[in-house]
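Structure at a glance
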Amino acid sequence: MKLFLDAIVLILNLLIKIGDVVLLVIKFFLRIIRLASKKLKTSFKRIKIATEREKQDISGRYAFRKNQILQTKQNVKFSLPKLGLTLPKIPKIKLKLPAFKRFSFKLKLPKAKPKPKKVKKVKTTVVYKRPHLVRLRIKYFLFGGFFSLIFIFLPLLFLIFLQNLPNPKSLSLREISQTTKIYDRNGTLLYQIYANENRTLVPLNLIPKDLINATIAIEDKDFYKNPGFDANAIARAAIADLSGKPIQGGSTITQQLIKSTLLTPEISIGRKIKEIILAVWTEKTYTKDEILQMYFNQVPYGGTAWGVEAASEVYFGKSVKDLDLAESAFLAGMPQAPTVYSPYGENPNLWKQRQKDVLQKMQDQDYISQNQLENALSEDLSFLPPQTPIYAPHFVMYVKDLLIKKYGLPLVEKGGLSVTTSLDLKLQDEVQNIVKTEVDNDFYLHLTNGAALVTNPKNGDILAMAGSRDYNDPNGGNVNLTTSLRQPGSSIKVVTYAAALSNGFTAATILDDSPITFPGNPPYSPVNYDGAYHGRIPLRIAFANSFNIPAVKTLQKIGIGNMIDMGKKMGITTWGEPNQYGLAITLGAAEVKMTDMATVYGAVANSGNKVALDPILKITDYQGNLVYQKNTPEEKSVIDEGVAFIISNILSDNLSRSFEFGTNSPLNIPNHTVSVKTGTSDNKRDNWTIGFTPARLVAVWVGNNDNSPMSQSLASGITGAAPIWNKIMTTLLGNVSDAPLKIPDDIIQKPCLGRVEYFVKGTEGLVNCNFIATPSAIPVNR
């Protein structure tokens, strides 16, 4: 802080000194002006005096001459009669004084003022108050700041910008992109980004008119009119960004060409200024058609497609000159966000809306008719499958998306990065095979897809990610269900009970599992998964058996806001404000991502400390320089260590959950202490099983991509996700000895309700441990 203040003082002193110099220079020039003015006045005065003297001299000479003539005349007049002669009459001579004209000019000089009488001055004494230091120097500071800004800083900044700007002439001399490679943790190559890059330059006359018109319509409707930038578009985008509205593009085609080829992907005002300057420079260097041709050959269209010819080959298996209107509209919409609109990405259907936007712009600008628009929208586009060999595709695309968000698309797809990930390809293959086999075996349950995620709760490593049954399945196989929004069912109760145990509840707190209706429109009457009521039971039994009614009543007591806050702290990123939800959120009414659920359960497994998922271990550039290295993970305590232990203990208690699941369910891993929770959404659209040890976590989901219900005969914890989870966890623990839960220092043990119960210190006296809980199954009257 002291260094910062010293720097501020130094800058202020510098500006004041500059102000001193500026004022000194100004005073110097003013003094010169005054001296020059004084000398000029003196010169004018001398000229006047000389002129008056010249007049007097000339008048004297002419007077003398006149006298001479008169005298001569007189002499002649008296002499002639004596000689008998007469004097002829001499006409009067009018003298003209041309010499005066030479000096007759108008000179406006200040009239001499009469000298005032000397008045005896009376000396007066003026007392000056010493002004404050800031007031004393303020004019110097302002002069220095203004002078420095106008004549020093702005010119220097402009020179720096010009010095660092690349030459647009290099647009046609760029080097070929280098391949980015993604490896598993053991060095096995998973994917090469642009390993099969196919860049073929094509002249503008071979590019379909529809593609040219579509690109201009969606990207830069005034391309042939603007000077390389659109001031209105930039202002409109800036206003939208500042007002919090969805981000709008303000770049012309020329700017996009510059941005994707000559500049870095950083988002800053400086880079934007460089982009505009280079765009104007490029417009002066190339014709509009040349710029458009370079754009079509050099901008990214997603995946391995750089340039429209490569894009046409990759997506449609044809040359760009053979594209029709619908295909042209698809390609024209890609450069804005190639990863987002890619039919091979995590959202394989977003391109359709983008294509519709392009066609609508074309119709609005009279490039196509309404009939052509409708025909193009009705055309089914057929995309070729990705040609680049890829292992663990869902994981690779997940990592690629993370890299693009962090480093930008150009660096990831052209920078020649080497990325070492946390994935274990051998384990990945085993997990993928288990998911595929079990989903196929459960076809009779009307489930067609499944996903699994394996992580290390201690450091956030992702060891395996099977995003679907089969990535190459044309029916949505490339959709990654580990990052998709789904309802979690009762698996979200871990958040409810974490909040409850953090607010005065204990594992022995008695909960009432009896019928209840909550007022509302419509009224809400929760029911249990087994369709029965179980009376007054301890929290341990209610949680372990995943009874719904006690969970809803518990949430009513602690408040929805407390649960929402706890969920966000533990790792849920998709929840909004508490007023958006009702009590049904504790049964999974709010959608979540599997990756978030892995973070939530990972916090419990890691003694209450949340560690964000991070699948990247190391990144180097094409020269081997280290770009990123994963070190000790950042931990954040989100729940008390004692609360985390109690939750883990309840979820690993096979005897306590046997009332609902039995003692030999797939939730039990013999000879190992494993905590596990199930969840099923309404109408059995989603079925989950999430379990963990301190070092490994496995999350599994099954269901259908179209959100259709599975068979009502699916039994949570018995069929569906549970068998997949069991096989994966058994594979992980096959050669690992049991690791019992470590009891924290703030936990005490106390006989309570017929067993030795665990309490966070200070809560052991909050319950009546002599109460005899006798769970019973009371059927619901239907």
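The preceding data block contains the structure.
Presented here is an overview of the structure given in this document.

Rules and cut-offs
- Residues numbered from 1 in each chain as written.
- Predicted model: local features only at pLDDT ≥ 70, side-chain atom pairs only at ≥ 80, totals over all residues.
- Heavy atoms only, no water.
- Helix = DSSP H or I, 4+ residues; strand = E, 2+ residues; numbered from the N terminus.
- Buried < 20%, exposed > 50% of the residue type's maximum accessible area, 1.4 Å probe, protein only.
- Contact = heavy atoms within 4.5 Å.
- Areas by Shrake-Rupley, 256 points an atom, 1.4 Å probe, with all protein chains shown as cover.
- 1 Å grid on protein atoms, 1.4 Å probe; cavity = no way out; pocket = protein on both sides within 12 Å on 5 of 7 lines; lining within 4 Å.
- Points joined across faces, edges and corners; volume = space filled by probe spheres on them.
- Nonpolar A, V, L, I, M, F, W, Y, C, P; charged D, E, K, R; others polar.
- Phe/Tyr/Trp six-rings, centres within 6.5 Å; stacked < 30°, edge-to-face > 60°.
- Lys NZ or Arg CZ within 6 Å of the ring centre and 35° of its normal.

When you go through the protein chain residue by residue, the secondary structure sums to 24 helices and 18 strands. Taken over 782 residues, the protein chain has a buried fraction of 45%. Counting only contacts in the protein chain whose residues sit at least 6 apart along the sequence, the fraction spanning at least 24 positions is 71%. Carbon and sulfur atoms make up 57% of the accessible area of the protein chain, which totals about 42,800 Å².

Another point: empty space enclosed by the protein. Rolled over the atoms, a probe with the dimensions of a water molecule shows which regions are left empty. One pass over the structure, following the stated rule, counts 3 cavities of 30 Å³ or more. Space inside the largest cavity adds up to approximately 60 Å³. Considering the residues around the largest cavity, the lining is formed by Ala544, Ser546, Ile650, Leu651, Arg657, Phe661, Leu667, Val676, Lys677 and Thr678. Of all the elements in the fold, those that place two or more residues in the lining of the largest cavity are helix H22 (641-651) and strand E13 (675-680). If you tally residues by element for the lining of the largest cavity, the top one is E13, at 3 residues. For the lining of the largest cavity, a count of residues per class yields 6 nonpolar, 2 polar and 2 charged.

Bringing the packing of aromatic side chains into the picture now. Tallied over the entire structure, the rule returns 16 aromatic pairs. Both rings, one in Tyr315 and one in Phe330, keep their centres 5.3 Å apart while their planes meet at 85 degrees; by these two values the pair is edge-to-face. Highlighted residues: Tyr315 in helix H9 (residues 308-316) and Phe330 in helix H10 (residues 325-332), separated in sequence by 15 residues. A network of ring pairs unites the aromatic residues Tyr315, Phe316, Phe330, Tyr344, Trp351 and Phe383 as a single cluster. Residue placement shows Lys288 over the ring face of Phe223; its charged tip is 4.6 Å from the ring centre.

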